[in-house]
Amino acid sequence: MTQYMPLFRACTTLRKLTQLHGHLLVSGLHLHPQASTKLIESYSHRGFLHSSLHLFRSFPNPDPFMWGVLIKCFLRNRHFRHVISLYHQMLHHLIPMTRFVFPSVLRACSGCGELILGRKVHGRIVKCGYDEDCVVETALVGLYGELGRLEDARKVFDEMFVRDAVSWSSVILSCVENGEVSEGLEMFRGMVVEGVVPDSVTMLGVAEACGKLGWWRGGKAVHGYVVRRDFREDESLDSSLISMYGKCGDLQSPERIFRSNVGCRGTACWTAMISCYNQGGCYAEALDVFGGMQECGVEPNSVTFMCVLMSCVGLGLLREGKSVHGFVIRKGVDPDLDFVGSALLELYAEIGGVSYCLNILDMIGGRNVVPWNTIISVYCQKGLLREALLLFVRMQAQGLMPDSFSMSSALAACGKMGLLELGHQIHGHIVKRGYLDEFVLNSLIDMYSKCGFVDSAYVIFDMMKHPGIITWNSMISGFSRSGNSVMAIRLFDQIYLNRLEIDEVTILSVIQACSELGYLEKGKWVHHKLITSGMRKDLFIDTALTDMYAKCGDLQSAQGVFDTMIERSVVSWSVMIAAYGMHGKIHAAISLFTQMLETGIEPNEVTFMNILSACSHAGAVEEGRLYFRSMRDFGIEPNAEHFACIVDLLSRAGDLNGAYDIIKSIPVSVDASIWGALLNGCRIHQRMDMIKSIEKDLLDITTDDTGYYTLFSNLYAEGGNWEEFGNVRLMMEGIGLRKVPGYSVIEIDKHVYRFGAGDTPLPQMKKIYRYLNSCRKHEVEPNSAVLSWFTEAKVQSSQNEKCSITVSLDQLKDADILPLKDVLMSSDSSHVHAVDLFLEFHSDLGTESVVDLMNGINAKLRVVDLQDLSLGKELLRDLCRASLACQVFNLRSIHIQKLDMVGSFLRLHTLNLDFCTSLGSLRRDCFSCMPNLTRLSICETRISNLLTTTGALSRLPCLLELRFQSCLCCKGPGSCPGLEGQQKLQTESQETLVSAGNKASRNASNTLKNFVTHHPSPICFEKHYREYIISSLPGLEVLDNFPIRTTERELAKMKSAKYFEYLPYKRLHKESVVSVLNKREMGTSGIHFQKPFKPKQLYPHRNGQNFFLRSLCAAKLGSSTWPLLHPLCNFNHTCKAENKKLRPRQFEYHPSNPSLMVFGTLDGEVVVTNHENGKIVGYIPCIGAMSSILGLCWLNKSPSKLVAGSDNGSLKLLDLNNMSPEVADSCCSSSGATFEDFEQLTSLHVNSTDDQLLASGYSKGVALYDVGSGRRLQLFSNLHREPINVAKFAHHSPYLFATSSFDHDVKMWDLRQSIRKPCYTASSARGNVMACFSPDDHYLLVSAVDNEVKQLLVADGRLHTSFEIASTGSPHNYTRSYYMNGRDYIISGSCDEDVVRICCAQTGKRLRDVYLEVNSYMRFVIVISKARMLTIASLQDESGSSIFVQSLRGDPFRHFNMSVLATATRPSSKWEIIKVNLLASSDYAEEHCYGQCLQPSCCLGG
């Protein structure tokens, strides 16, 4: 059959295909499966699907491949139901399924909307084992995405092993089409990160996403990528780009794309351009494009006609719209009007007539609710509310069930007409049908609000879990419309605090609420936020702002907003005229009215209403008459409000007869407002005679305006006619009216308070009166902020009237402290239950005033919240040392490096240290003063050490809630409320602990996956951080706002036992650590694994004891929370009756004697000491002038000699044998050479053969000396652009040396070559401080400013390891690093930090940090001699002093031992060399007495 395959491709017509088919029949080859399959496919491609089906049915026993081809043929022709039927037939006949069938069946399920069937097919896929096939999985992603199940689509996608461009494109399109546009773009970013090259389909989805977001810049980037990848031949992509630019409001870019594709414009491209113009409001240009489309002979489709009809609607072209309708009929494009019908309905409803709409509706209305929804919505928009509701009823009568859109339109009509009963019925239908989506609920809220039942609207609003901004706007508008402006503003504050997106409608609603309430400060704040947020102001917002400022009494601001308006409508002019009128500026109002007429804007009813009201307020009778008479000149008939204004104007002026004449001339019935205006005039001018003459007319009026009846009754009361007064009041009661009590509104300190007639006195008033009396006593002006605090005090109990007071320190002055303290400490202030103290911004209070206030109210303190350091460090230190009775202590954003709370905080249960970015460690006893602490928050600090942190936290017996990072929706350390509804993790009883842990791990990971955290401290990035914290703190219930389940706690114990090694005295089972390591290395560990554990391959070097001792040291490295720190003795010696103290500046270990160490001092002394017993072996008072020792280097071949150099340039060769063992003033002689001075010395180093010395300095040069003679051999100048900090010889090569400089460069030099050019240059991001070779000369360790540490290959300078140590941001944080344990580890410290970091030299992983804390070593005793013992003097004599690292060295003889030169800054500068034993714990220091002498290490143990 292979020879026939080209013939099938050559059959381009049906005739040729039938001839080939006949030949196959004659030859008998039609029974061949391949031939029949190819015929089925060929007939389908020609559009003869029935022939394909006939061939298939006539073939005996078709194979699975033929079934798959037929299914694909039906799918290609969009016969989805036939595809599903064929699939069921395959199942019925037990035809084996192939992986080629499932994608087609899944596509058919999505085309039919059969989600349940799709899930069944998914199950069949898993059963057949095709769930790991890339094509099938991509089809599953498409199925779930098209049917709106985005979570399922993501789940399938996340479990795919192979994700190509097709699968990525499918999930991106699914996100975009389901409204998760941002997530779609995030998926695209992930695709690019994984290195998958996007194709044209991918760019279709990305372009659509950019269009939906209106992200023009992103769209331009997509367009550029399309051009670079040469995707421009794809018409669909061009159409997508045009649509994207149109949605972004850019019309020029689509025009360029459209013009550049003259030769390949298809229907889609023309249609996209028409739609783009429609979106931009350029309807005429859209029709021009349609005309060009006809000229080019491109056939339009139904979508094209829909867009053209929208253009006709936009231009109001009914005739052209009818022409398009006729064109659709002639072309037969959409005979059933499935697509064009809705557009035709909108056309005729907008600019045609009801009869046309009904005719179209009769044609297409029986199939679905879409055309009904269209015409009902248009009727509602045009104000034909009754007709809209009649259509809604008629639709249901025809058997069509309304959807959410129909319900929303009907509810909108009910709200506008006030038909509450019908709205109730629709509400019941919505509940019954389950249409409780946000769109319908918003309509319900709007309907109830407009009908006056705002409480019912709020009930619906309150039941919504995550209301959108439209819902918030509807509720705010409802409260504002009903007169509850306070609640409207409160809702707006909730929107702002929750950081929801605020749009123009939100701003407009809250401005109107401020206007109704007269809340000027809030209105100004909203105006300020409107400006600073960059939100686009429009005509409506400007008009509302003008009205708000005018009604709040700020006429100047109202005028300012009005003057800055770019365009002004008649509403804007009317509002400003009303503003002048209510402020009595009649001339300004008249002038503005004249200006409005001059600009060509004609006044409307409201404008005349405002100008007449202005005349009435000012008593301008003649002007009022003039404007009233001129209304008809503008075609405006006066209504009741206009008559009421002119009657009020004349009545107030005393022209009661003229006012009565106007009333008699009114052609319609006169309402109560007009008679009320005349009555008020009669009351003012005491015209009781006129009242009697119109008494019959007055009594015939029926109204629900209580003001009218009140005015009427008061007139009788003033005239002494109490009988008629009582009759009028009885008339009010008879119709169910009661007099509304008057009230006043006052604004105090940005808060609005309402005081009404008959209100009971506030319980807080007693405190206010007491405060005012105290201010008078102390001759202090009362503080309005204090008055507002007492007014806002929350009443806790109606019986005992206990309340809490909130005091804000940033609103107080020093003079306010005494009166405030008098009130809160008075004998009758027992009703003050608690005082909350806050500091949010800058405060002018002095430290003494704050301390005095807090001491006075300490017994009632509940919350102390300090967020600013403006009060000074002294106050913070005083508070930490005080005994505060507060329950909550917030120290957010405070600049503290160590937590030093030594006072008494017995009632404290919550401590917040969030954003204390300088806090780097927790001392061992830092929480000892707060034994009842239950909640602790330490987010976004510099805390990073798991061991020391858990050691400090373990001393809190009541700690329940802890967080180092916060949930996105949580403010405190408690459990996240969003997790309360999630299912708890469970384990099965028959499973082992390990399998249960694995199951819990999977469930926990799925739960934590959607748990978004932010503001993490560095400790959160440590491996197994959560498990270690949980296992170390067994009483903890909540960690990082995530509750700790029982199964998670068991899993944490398992992981802790698996990944963290403990010393024998801390292990659960008493056993030898060496035994444990032996089992681990040999593969016989008792730890259970989920999979069978395979023993490791045995290597020869693993059989020795040294190997296990090395592993033992590695295990112990992380075992001690606080390693043993002890300083060298302070060497206090008497010299000429004066106490002399040595101040180390530089030190070095002896290369061959493990007991000796040399250090130089700040005073130029050189001291050789036995650092094991503290004895001085040799002492040189100074090597020249009094200056610091900056360089020390032992000679390898002559171990008793060393070279010392000071910063004044003095260089000397010293001999230990000639040094004095006592501290003396006189200079002792020493054999050896005195070298030529080298000015501004920074470092010195001797090569491996002890014959040459290298010295570097600030002069940017290096000098080479002969060690034997002291003669300078060479001076290498200008090796760097900046001063050289260090020059180091290699350990094994006498010619190779490296230099590091502040010019960011490290250079390698070879004395055997020309020094003019280095062997290579390696650069750092910052200035280099130090460089040193590894003991085997394989690596070069480079340290730059602010913790930039890296390891280079000595051979060529390439980067080997980068140690990611967090920077502090300080340009003076000089970092120094050195090797420890050979070249296994590096130790690093900086002069601005009190921590030494230990990292693995091969992987770069930071293993642990060692903090130099006073309490870690100040209590130990050092043996100086058998006769006496000296207590170590502390480097820190007072709280708050700091220790910093100046230099450090790893002990060459003792593994995991090092020495650190540290300095203390307070109370005076002190220098000390501290020895660190990482293998010993300070908790068990008695086992590691300082007097013990460690022998030189001959193995890898410590």
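Rules behind the numbers
- Residues numbered from 1 in each chain as written.
- Predicted model: local features only at pLDDT ≥ 70, side-chain atom pairs only at ≥ 80, totals over all residues.
- Heavy atoms only, no water.
- Pairing = 2+ DSSP bridges.
- Helix = DSSP H or I, 4+ residues; strand = E, 2+ residues; numbered from the N terminus.
- Axes fitted to C-alpha atoms, helices over the stretch in contact; angles between N-to-C directions.
- Buried < 20%, exposed > 50% of the residue type's maximum accessible area, 1.4 Å probe, protein only.
- Contact = heavy atoms within 4.5 Å.
- Phe/Tyr/Trp six-rings, centres within 6.5 Å; stacked < 30°, edge-to-face > 60°.
- Lys NZ or Arg CZ within 6 Å of the ring centre and 35° of its normal.
- Arc of directions from axis to C-beta.
- Salt bridge = Lys/Arg side-chain N within 4 Å of Asp/Glu carboxyl O.
- Parallel < 35°, antiparallel > 145°, perpendicular 65-115°, else oblique.
- Left-handed = near helix turned anticlockwise from the far one by under 90°.

Asker: Before we go on, may I ask you to explain the sheet that holds strand β19 (residues 1156–1161) in this structure?
Answerer: Strand pairing in a sheet relies on backbone hydrogen bonds, with the paired strands running either antiparallel or parallel. Read from one edge of the open sheet, 4 strands run β18-β19-β20-β21, paired in antiparallel fashion. Each end of this open sheet is capped by a strand with a single partner; those strands are β18 (1144–1149) and β21 (1175–1180). Taking each pair of neighbouring strands and ignoring which way they run, the sheet shows an average axis angle of 20°. In the sheet, β19 pairs with strand β20 (residues 1166–1170) via 5 bridges, with the strands oriented antiparallel. Looking at the pairing, leucine 1156 lines up with asparagine 1170 of β20.

Asker: Explain the side chain of threonine 304 here, please?
Answerer: Relative to the elements of secondary structure, threonine 304 occurs in helix α19 (residues 302–315). Given the relative accessible area of 0%, threonine 304 is considered buried. The contacts of threonine 304, once residues within four sequence positions are left out, are Thr267, Thr271, Ile274, Phe290 and Met293.

Asker: Mind showing me how you'd approach the packing of aromatic side chains here?
Answerer: The description of an aromatic ring pair rests on the distance of the ring centres and on the angle between the ring planes. Counted according to the given criterion, the structure contains 25 aromatic pairs. Pairing phenylalanine 562 with tryptophan 573 gives two aromatic rings, centres 5.3 Å apart and planes at 80°, and the pair type is edge-to-face. Highlighted residues: phenylalanine 562 in helix α34 (residues 555–563) and tryptophan 573 in helix α35 (residues 570–582), separated in sequence by 11 residues. Their ring planes at 20° and their centres at 6.5 Å tell us that phenylalanine 1297 and tryptophan 1309 sit as a pair that is stacked. One end of the pair, phenylalanine 1297, is in strand β31 (residues 1296–1301); the other, tryptophan 1309, is in strand β32 (residues 1305–1310), and 12 residues separate them in sequence. Across this residue pair, the class does not change: phenylalanine 1297 and tryptophan 1309 are buried. An aromatic cluster of three or more residues is present, and its members are Tyr458, Phe461, Trp472 and Phe479. Above the plane of the ring of tryptophan 525 lies lysine 522, whose end atom (NZ or CZ) is 4.6 Å from the centre. Geometry around phenylalanine 562 places arginine 568 over its ring, the cationic atom sitting 4.2 Å from the centre.

Asker: Would you explain helix α40 (residues 656–664) in this entry?
Answerer: Residues that lie three or four places apart on an α-helix share one face, since the helix turns once every 3.6 residues. Buried within α40 we find Leu656, Gly658, Ala659, Ile662 and Ile663. End-on view of α40: buried residues confined to an arc of 165°, all on one side of the axis. Among the structural elements, α39 (640–653), α41 (672–684) and α42 (688–693) are those in contact with the buried residues of α40.

Asker: Just checking my understanding: could you explain the pattern of salt bridges for this structure?
Answerer: For side chains of opposite charge, pairing can occur when their charged atoms come near one another. Throughout the structure, instances matching the rule amount to 39 salt bridges. A salt bridge links arginine 1026 to glutamate 1048, with the nearest nitrogen and oxygen atoms 2.4 Å apart. Here arginine 1026, found in helix α53 (residues 1025–1032), pairs with glutamate 1048, found in helix α54 (residues 1046–1059); they are 22 residues apart in sequence, far enough to count as distant. As far as the burial class goes, arginine 1026 and glutamate 1048 line up, both buried.

Asker: Explain the packing of helix α29 (residues 469–481) against helix α31 (residues 504–517) to me, please; I cannot follow it from the model alone.
Answerer: The geometry of a pair of packed helices is captured by two quantities: the angle between their axes and the separation between those axes. Where α29 contacts α31, the two axes come as close as 9 Å, and the packing angle between them is 20°. Taken as axis vectors, α29 and α31 run roughly parallel relative to one another. The handedness of the crossing between α29 and α31 is left-handed. The residues of α31 that touch α29, namely those facing Ile469, Asn473, Ile476, Ser477 and Ser480, are Val505, Thr506, Ser509, Val510, Gln512 and Ala513.

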